[in-house]
Every structure is written in structure tokens, then in C-alpha cells.
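# Notes for the structure review
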Amino acid sequence: MSELNNELRETVRSRYAAAATAVAAGGTAEDCCGGSDCCATGAIDLDENFGASLYAAADRDQLPIQAVAASLGCGNPTAVADLREGERVLDLGSGGGIDVLLSAHRVGPTGKAFGVDMTDEMLELANANAAKAAVTNVEFLKGTIEAIPLPDSSIDVVISNCVINLSTDKPAVFTEMARVLVAGGRIGITDVVSDDALTPAQRAERGDYVGCIAGALSFTEYRNQLAAAGFDNIEITSTHAVADGMHSAIIKAHKPATESSCCAGDCCSTQ
């Protein structure tokens, strides 16, 4: 990893660590991807584009206030992933645990929800939130989304909420998603995506990296990188604008149920 990428990752880690520490201490956490404040001891100031406002009140009300207060995302992946009883779900960049806890409710006692995060402070907060919610079918793992600490073909559904744009190696993230998914598995994530016309420099003009803007892929880049990792049935749907030419989007795709015998070899290049 380059020195610049190391610096960006450390900036992201420090920002999330500070947010987790503030929420755990009963203070406020500035939203990673917006400007709202989340109060860990009372009412939450909801931002319409980011954070807890993108969850239904019924979802927020079933969780500890600290889990809701630490929500730093741009959508609600649990609402779009069509989770079912008994499934194994993985949340990339699980933060304070809001999406893991909601997933655990949806998959029920025969299923399990995993969360992966690189920040010790967020992992501590997430485990505390799980204990407060009395949710036992969850497991939070320390690791990066570019090197997921789970075995091959161990997950049915991968979700993520406004985290992949923060990665400095997105192809590695998509490859890892495909690796841990079972054949026929799927993804249901939310992320910030840019218009195809915007250059990386123009995206950076609209917001910084840790603010979930500068590192965003374009619609075409997102689709092409998912396809390169082996996904099909790719759907990218904009839900709302977060900056000029920048959108929160729902991304869905599937890992093929079986590998094509043709495309496993050289015949595709000759047809």
C-alpha cells in the first residue's frame, strides 16, 4: 500500500475512532458523511441525507440509542437486501453495529450477522450495543474490508453502508466480497456514487475523502469493477443527491450460482 493510501486509511480510522469514543462517552458524534450531530443520551438531530434519518422509526426504536447515534451511513442496506430467516449476513465497515443488529433480527435465531471493522473503538461500541440489545446471533470481527477475516463461501449476503467509497483499494473489496459469498449469494449495499461525467478531481472539489465524497466511484466504474470481480445482475439505483453530481445509491448484484464452463477458459475471447 502506498504512503498516500496509508495516510488516507489512518485518517478514516481516526475519524471513526473519535466518533465512537464521543458516542460511548455520552456526547455527540459528527456524522462521517454529513454535518448532523448525534446525541448518545437523548434526541438525535436527524440529517435528511446521512445517518439515522434513513432508517424507519420502528428500526431505530428497537436499538440502543448509542447504535443509532453512531450511524454514519448514506442509506439503509438492511431495507434493500431482502434478508431471510436463517441467512448469514456480513456487514462491511460495521461501525457501531446498527446494520448488524437490524440484520440479526431479520435472519432470526437460525441465522447470524457478522460485522467487520478496523477500528477498535467502534468494535467496542458495537459489542456494547449488542449486549444492551440482548442480541446474541452476532459477531464483530476486527479486520479490513480489503482482507475480510472469514473463510471462502461462508456468507449468504454482504451488506455495507457508505463504507466502500472510503476504501483505497476498491477492486480488492469487490474480490473479497465475491470470495466470502456462497455461489448464488448476493450483495445489497448503499454507497456514494458520482455521475460519470465527473473526474476524480471534480469529485474531490465536492468533498473530502473521509467525508465519503472524494473517494466515490462513478456509476460506470462501480458497475465495471463489480463485473470484473465476477458479479452479475448488477443494479445501481440513485436514491438522493448528497452533493452536486454525487448520489447515495443502492447497489445490488449476485455471485453466479455456477461458474460458466465457457468463461472459465478462453472460448469467450474467440466468440
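Check the entry above for the structure.
First, a word on what this report is: a plain description of the structure on this page. (Residues numbered from 1 in each chain as written. Predicted model: local features only at pLDDT ≥ 70, side-chain atom pairs only at ≥ 80, totals over all residues. Heavy atoms only, no water.)

## Details of helix α8 (residues 219-228)
- Three or more residues of α8 are buried, namely Phe-219, Tyr-222 and Leu-226. Taken end-on, α8 shows its buried residues confined to a sector of 70°, consistent with a single buried face.
- Where the residues of α8 are buried, they touch α6 (170-180), β7 (181-194), β8 (217-218), β9 (232-243) and β10 (246-254).
- Of the residues trailing α8, Gly-230 is marked for its positive phi of about 105°. (Buried < 20%, exposed > 50% of the residue type's maximum accessible area, 1.4 Å probe, protein only. Helix = DSSP H or I, 4+ residues; strand = E, 2+ residues; numbered from the N terminus. Arc of directions from axis to C-beta. Contact = heavy atoms within 4.5 Å.)

## Topic: the side chain of Ser-94
- The topology assignment puts Ser-94 in the loop between β3 (88-92) and α4 (98-107).
- Under the relative-accessibility criterion, Ser-94 is labelled buried at 5%.
- When sequence neighbours within four positions are dropped, the list of residues in contact with Ser-94 reads Val-100, Gly-115, Val-116, Asp-117 and Phe-140.

## Concerning the environment of Val-182
- Position of Val-182 among the secondary structure elements: in strand β7.
- Residue classification places Val-182 among the buried positions, given a relative accessible area of 17%.
- Counting along the chain gives 72 residues from Val-182 to His-254, while the straight-line C-alpha distance between them is 10.0 Å.
- In this structure, Val-182 is in contact with Arg-88, Ser-153, Ser-154, Ile-155, Asp-156 and Lys-255, ignoring residues within four places of it in sequence.

## Let's talk about the nonpolar core
- In this structure, Leu-90, Val-158, Met-177, Ile-187, Tyr-222, Phe-231 and Ile-251 are the most contacted members of the largest nonpolar core, which totals 32 residues.
- Broken down by secondary-structure element, the contributors of at least two residues to this core are β3, β4 (112-117), β6 (155-161), α6, β7, α8, β9 and β10.
- Ranked by residues supplied to this core, first place goes to α6 with five residues.
- Setting aside residues up to four positions removed in sequence, Ile-187 forms contacts with Val-158, Met-177, Leu-181, Leu-226, Phe-231, Ile-251, Lys-252 and Ala-253.
- Within the second largest apolar cluster, ten residues are counted, among which are Ala-104, Ala-113, Val-138 and Phe-140. (Core = buried A, V, L, I, M, F, W, Y, C linked by side-chain atoms within 4.5 Å.)

## Structural notes on α6
- Within α6, eight of the eleven residues are buried, leaving the element largely enclosed by the surrounding structure.
- Where α6 is concerned, the buried positions are Lys-170, Ala-172, Val-173, Phe-174, Glu-176, Met-177, Ala-178 and Val-180.
- The inward-facing, buried residues of α6 abut β3, β6, β7, β8 and α8.

## A word on the pattern of salt bridges
- All told, the structure shown has eleven salt bridges when counted by the stated rule.
- The shortest N-O distance in the salt bridge between Arg-88 and Asp-156 comes to 3.1 Å. On the criterion of sequence distance, the pair formed by Arg-88 in strand β3 and Asp-156 in strand β6 is long-range, its members being 68 residues apart.
- Overall, Arg-88 belongs to the partly exposed group, its relative accessible area being 31%. (Salt bridge = Lys/Arg side-chain N within 4 Å of Asp/Glu carboxyl O.)

So, to be careful, I would describe these as geometric facts and stop short of saying anything about function.
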